[in-house]
Amino acid sequence: DAKVSGKARTSVFDDAMQSDVDARLSVRSALGDAVRGGQLRLHYQPLVSLADGRVLGAEALVRWQRPGHGLLAPDAFVPVAEETALITEVDRWVVGEAVRRAAGWCRAGGSVAVNLSPRSLEGDAVLDALSSALHRWRVPARSVVLEITETGVMSTSGAADRVLAGLLDLGAVLSVDDFGVGHSSLARLRRTRAQVLKVDRSLVADVDRDDASRSVVAAVVAMAHALGMVVVAEGVERAAQADVLRAVRCDQAQGWFFGRPAEPEGLDPVFAHPAVSRAGAWV
Ligand code: C2E
Ligand code: MG
Ligand code: MG
Ligand code: MG
């Protein structure tokens, strides 16, 4: 603050930096209470089969109903939480809540995906949360998908690798999120036990408007299939994108064209009737 520091005036740049620091500190101190105080919410976005348009599952996306600030998107607090152990609290809560809320969908053959930060795998909290939620809500482990970004999967420590192995030994499915923006080698990708690859929105953005973009996505799909993986396209906003993705044999898609992230109630009718073949989509 200009008065405290004794400076005649601060530049706009300094003020902006200071308010950014203030905002991060404020998020950091409020977020712990938010997790314990029930201020986190989950919205769910459908994943659909490109072949026939069926909804196969949903991704849980965290929001923070922060008093006085409205409903905050993850970008406003997940990066700050990732700087501290708070992200583990967030991810542990998300795993328990998503399995509880989606239990009926999963028992009907659907799947639920959660996002995990690499830092959340440094201890056993998430593993314990998943294990007890699966038992408590009688959910088959193969219907729970763990999304970890390409960069995250490639950068885990030895301890995190052991926790991840434990999660996969339970039967959960590993999905590599935001693929195409990091720099993983084919060899590294093969060594992971990932069964699903999610193509980043930036690669999908122009598939219907640009031949080179279409070729890149076609190559990624072919590579993933060669590795035995199911491919999901992120950020599909137009029918024309879906048409191209279907033509290059991408398996599944997610995006505003098919459904925005929303309260879970809208998906209950979708999974009201068992469809045993749904979960089979992952294997
Ligand atoms: P993500 O896992 O890649 O999730 C996809 C993001 O793209 C979501 O943003 C979603 O709302 C948005 N999206 C979906 N369809 C479209 C579309 O057609 N067009 C556009 N422009 N955007 C679309 P959101 O919900 O803001 O989440 C952002 C990121 O925050 C997620 O990216 C994920 O990395 C992270 N995140 C979300 N929930 C959690 C969580 O529970 N734990 C952790 N550690 N990270 C989370
Ligand atoms: Mg994700
Ligand atoms: Mg993603
Ligand atoms: Mg993302």
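Only a predicted model underlies this, so the values are computations on that prediction, with no experimental measurement involved.

**Remarks on the coordination of the magnesium ion (ligand 3)**
- On the protein side, the magnesium ion (ligand 3) has Asp177 (OD), Asp178 (OD) and Glu234 (OE) as donor atoms, found 1.7 to 2.1 Å from it.
- Look at where the donors of the magnesium ion (ligand 3) fall in the sequence and you get D-D-x55-E.
- In this structure, the magnesium ion (ligand 3) lies 3.9 Å away from the magnesium ion (ligand 2), the two metals sharing Asp177 as a donor.
- Judged by its relative accessible area of 5%, Asp177 falls in the buried class.
- According to the relative accessible area criterion, Asp178 is partly exposed, its value standing at 24%.

**Quick word on the coordination of the magnesium ion (ligand 4)**
- The protein atoms donating to the magnesium ion (ligand 4) are Asp178 (OD) and Asp178 (OD), with metal-donor distances spanning 2.6 to 2.8 Å.
- Here the magnesium ion (ligand 4) and the magnesium ion (ligand 2) are spaced 5.7 Å apart.
- Relative to the assigned elements, Asp178 resides in strand β6 (residues 173-179).

**Section: the side chain of Glu234**
- Within the element layout of this structure, Glu234 appears in the loop between β8 (230-233) and α11 (239-247).
- A polar contact is formed between the side chain of Glu234 and the backbone nitrogen of Arg201, at a distance of 3.3 Å.
- Once you skip the residues sitting within four places of it in the chain, Glu234 turns out to touch Asp177, Asp178, Lys198, Val199, Asp200, Arg201, Val204 and Gln254.

**Focus on the site of ligand 1**
- Near ligand 1 you find 24 residues, and of these Asp91, Asn115, Ser117, Glu237 and Trp256 are the closest.
- At 3.2 Å from a nitrogen atom of ligand 1 is found a main-chain nitrogen or oxygen belonging to Val62.
- Between ligand 1 and the protein, one listed contact pairs a nitrogen atom with a side-chain N or O atom of Asp91 at 2.7 Å.
- Bound to the protein, ligand 1 loses 84% of the 810 Å² it would expose on its own.
- Contributions of two or more residues to the shell around ligand 1 are made by β2 (55-66), α4 (86-107) and β6.

**Section: unusual backbone geometry**
- Notably, Arg138 is not glycine yet its phi reads approximately 50°, a positive angle.
- Along the chain, Arg138 falls in the loop between α5 (125-136) and β5 (144-149).
- For Arg138, a relative accessible area of 60% translates into the label exposed.
- Residues other than glycine seldom take positive phi values, yet Asp178 does so here, at roughly 55°.

**Brief notes about the confidence of the model for the protein**
- Summary statistics for the protein give a mean pLDDT of 91 and a share of 93% for residues scoring 70 or more.
- Among the prediction metrics, the complex's ipTM stands at 0.98, with pTM recorded as 0.92.

**Brief notes about the packing of α5 against helix α7 (residues 158-170)**
- It is at 10 Å that the axes of α5 and α7 come closest, and there the two elements cross at 10°. Viewed along their axes, α5 and α7 adopt a mutual orientation that is roughly parallel. Residues Val126, Leu127, Leu130, Ser131 and Leu134 of α5 pack against Val163, Gly166, Leu167 and Leu170 of α7.
- A breakdown of the residues in the contact of α5 with α7 according to their chemical character gives seven nonpolar, two polar and no charged.

**A few points about the nonpolar core**
- If you look at the biggest cluster of nonpolar residues, it comprises 82 residues, and the most contacted ones within it are Leu31, Tyr44, Trp64, Phe77, Leu167 and Leu197.
- A total of 11 residues in this core trace back to one element, the largest contributor, which is α4.
- Setting aside residues no more than four positions away along its own chain, Leu197 makes contact with Val176, Phe179, Leu189, Val220, Met223, Ala224, Met229, Val230, Val231 and Val232.
- Among the nonpolar cores identified, the runner-up in size contains six residues, and Leu47, Val145, Val173 and Val232 belong to it.

Calculation rules
Here the residue numbers are simple positions, counted from 1 along each chain's written sequence. Each chain gets a letter, beginning with A, and each ligand a number, beginning with 1, in the order they are written. Given that this is a predicted model, residues contribute local features only at a pLDDT of at least 70 and side-chain atom pairs are listed and counted only at 80 or more, while totals for whole chains, interfaces and linings are drawn from all residues. Excluding hydrogens and water, the side-chain figures rest on all heavy atoms present in the structure. Atoms are scored as donors when they are N, O or S and lie within 2.8 Å of the metal, with 3.2 Å used for Na, K and Ca; no water is included, so coordination may look incomplete. Three exposure classes are used, based on accessible area relative to the maximum for each residue type with a 1.4 Å probe and protein chains only: buried under 20%, partly exposed in between, and exposed over 50%. We count a stretch as a helix when DSSP gives it H or I for four or more residues in a row; a strand needs E for two or more, and each element gets its number in order from the N terminus. Whenever a nitrogen or oxygen atom comes within 3.5 Å of another N or O atom, the pair is scored as a polar contact, on the condition that within protein one atom can donate a hydrogen and the other can accept it, and that pairs from neighbouring residues in sequence are kept only if both atoms are in side chains. Contacts were defined at the residue level, with two residues in contact if any of their heavy atoms lie within 4.5 Å. If even one non-hydrogen atom of a residue comes within 4 Å of a molecule or strand, that residue is called near it. Accessible areas in this description were obtained via Shrake-Rupley with a 1.4 Å probe; residue shielding takes into account the shown protein chains only. On a range of 0 to 100, pLDDT expresses the predictor's confidence in each residue. Angles here are taken between N-to-C directions and fall from 0 to 180 degrees, while the axes themselves are lines fitted to C-alpha atoms, restricted in helices to the stretch in contact. Just so you know how the angles are binned, under 35 degrees is roughly parallel, over 145 roughly antiparallel, 65 to 115 roughly perpendicular, and the rest oblique. Nonpolar residues are Ala, Val, Leu, Ile, Met, Phe, Trp, Tyr, Cys and Pro. Charged residues are Asp, Glu, Lys and Arg, and all others, Gly as well, are polar. As used here, the term nonpolar core means buried Ala, Val, Leu, Ile, Met, Phe, Trp, Tyr and Cys residues forming a set that is joined through side-chain atoms within 4.5 Å.

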